[in-house]
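So you can see what is in the structure, the chains are spelled out below.
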Amino acid sequence: QIGRPAAKPRVPTVLSQGEVGRLLHVMEGETALLARLLYGTGMRLTEGLRLRVKDVDFERRVIIVRAGKGDKDRLVMLPQSLCTSLKQQIARAHALWVADRNAGNNGVDLPDALGRKYPRAGESWAWFWVFPASTLSTDPRSSVIRRHHMHEKRMQRAMQAAIQAAQIHKQASVHTLRHSFATHALQSGTDIRTVQSLLGHADVATTMIYTHVLALQSSSVVSPLDTLCARA
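Residues numbered from 1 in each chain as written. Predicted model: local features only at pLDDT ≥ 70, side-chain atom pairs only at ≥ 80, totals over all residues. Heavy atoms only, no water.

The next point concerns the pairing of strand β3 (residues 74-77). Each regular strand shows side chains that alternate between the opposite faces of the sheet. Burial along β3 is one-sided: the residues R74 and V76 are buried and none of L75 and M77 is. Examined bridge by bridge, strand β2 (residues 62-65) and β3 share four bridges and lie antiparallel to one another. Pairing of I63 across the sheet is with V76, part of β3. (Buried < 20%, exposed > 50% of the residue type's maximum accessible area, 1.4 Å probe, protein only. Helix = DSSP H or I, 4+ residues; strand = E, 2+ residues; numbered from the N terminus. Pairing = 2+ DSSP bridges.)

Structural data, given as structure tokens:
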């Protein structure tokens, strides 16, 4: 049996903190908040989009990421600087939830097992999206008309527009925020096992790629060209 070819390690694109600052400064609205959340927690785009109201814990300042990669749950920190904006976002989401209930619209989509066991749970406020779509859409799997979360393409388009506006000349994407979170967390002294847990990596070897990025940045190795120029 022929196995899959081994994945080739790639050095991730990482933005400096200054570049992240410029990027976030030019973004607006819900996509700006989501970008801050992804950078502030290290979540993947799909994890941020699928965030439910019940999984944001303002008292403990944590977010529960449900069914991440590998179908595993994990905890990430809720940045203090986002609490007010996130509460305002949830208030806007609540207004949409109330409108849906008053209109008799179908509830949001649930994981299959839960949807079968608790068919009315999708109508509850706890299961509603933190970042709901502004309009209803047809679920491609069930053909049911309901409110989905914000579409990933909306965030991707907003990110690309922001990268251009911030004059960042790197091959960056939404996922670059996650790479930047990991690198900056390690740079600030967070131990690699903690970063591994926050990112949801099954193997610490996956997280080690960020230490390679840092090693070059902080390396004491001097280019021979710089040595030559210093003598000139």
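Now that the structure is up, let's keep going.
Okay, unusual backbone geometry next. The backbone of S143 shows a phi angle near 65°, a positive value even though the residue is not glycine. Tracing the backbone through its elements, the reader meets S143 in the loop between β4 (137-138) and β5 (145-146). The phi angle at Q167 is positive, at roughly 55°, despite the residue not being glycine. Topologically, Q167 is positioned in the loop between α6 (152-165) and α7 (175-187). The exposure class assigned to Q167 is exposed, which follows from its relative accessible area of 58%.

We now examine the sheet that holds β2. Across the sheet, three strands lie side by side as β1-β2-β3; this open sheet has antiparallel pairing. One side of each edge strand has no neighbouring strand; the edge strands of this open sheet are β1 (56-57) and β3.

Judged by nonpolar contacts, the single largest core of 55 residues is most densely connected at L23, L34, L37, V130 and F131. Once you skip the residues sitting within four places of it in the chain, V130 turns out to touch L51, R52, V53, V56, L86, Q89, I90 and A93. (Core = buried A, V, L, I, M, F, W, Y, C linked by side-chain atoms within 4.5 Å. Contact = heavy atoms within 4.5 Å.)

For the structure shown, the criterion picks out 13 salt bridges. Residues R74 and E47 are paired through a salt bridge, measuring 2.8 Å at the closest nitrogen-oxygen approach. With R74 in strand β3 and E47 in helix α3 (residues 45-49), the pair connects residues that are 27 residues apart, well separated along the chain. Considered together, R74 and E47 belong to a single accessibility category, that of buried residues. Taking the shortest distance from any N to any O, the salt bridge between R147 and D100 comes out at 2.7 Å. (Salt bridge = Lys/Arg side-chain N within 4 Å of Asp/Glu carboxyl O.)

So, on to α7. Here α7 contains 13 residues, and its C-alpha end-to-end distance of 19 Å stays within 8% of the 18 Å for a straight helix at 1.5 Å per residue. Within α7, burial applies to T176, L177, R178, H179, S180, F181, A182, T183, H184, A185 and L186. (Expected span 1.5 Å × (residues − 1).)

Our next topic: the side chain of T183. Here T183 is to be found in helix α7. Within the structure, the side chain of T183 is placed 3.0 Å from the backbone oxygen of H179, a separation counted as a polar contact. Among residues more than four places away in sequence, those in contact with T183 are V14, Y210, V213 and L214. (Polar contact = N/O pair within 3.5 Å; in protein donor to acceptor, adjacent residues only side chain to side chain.)

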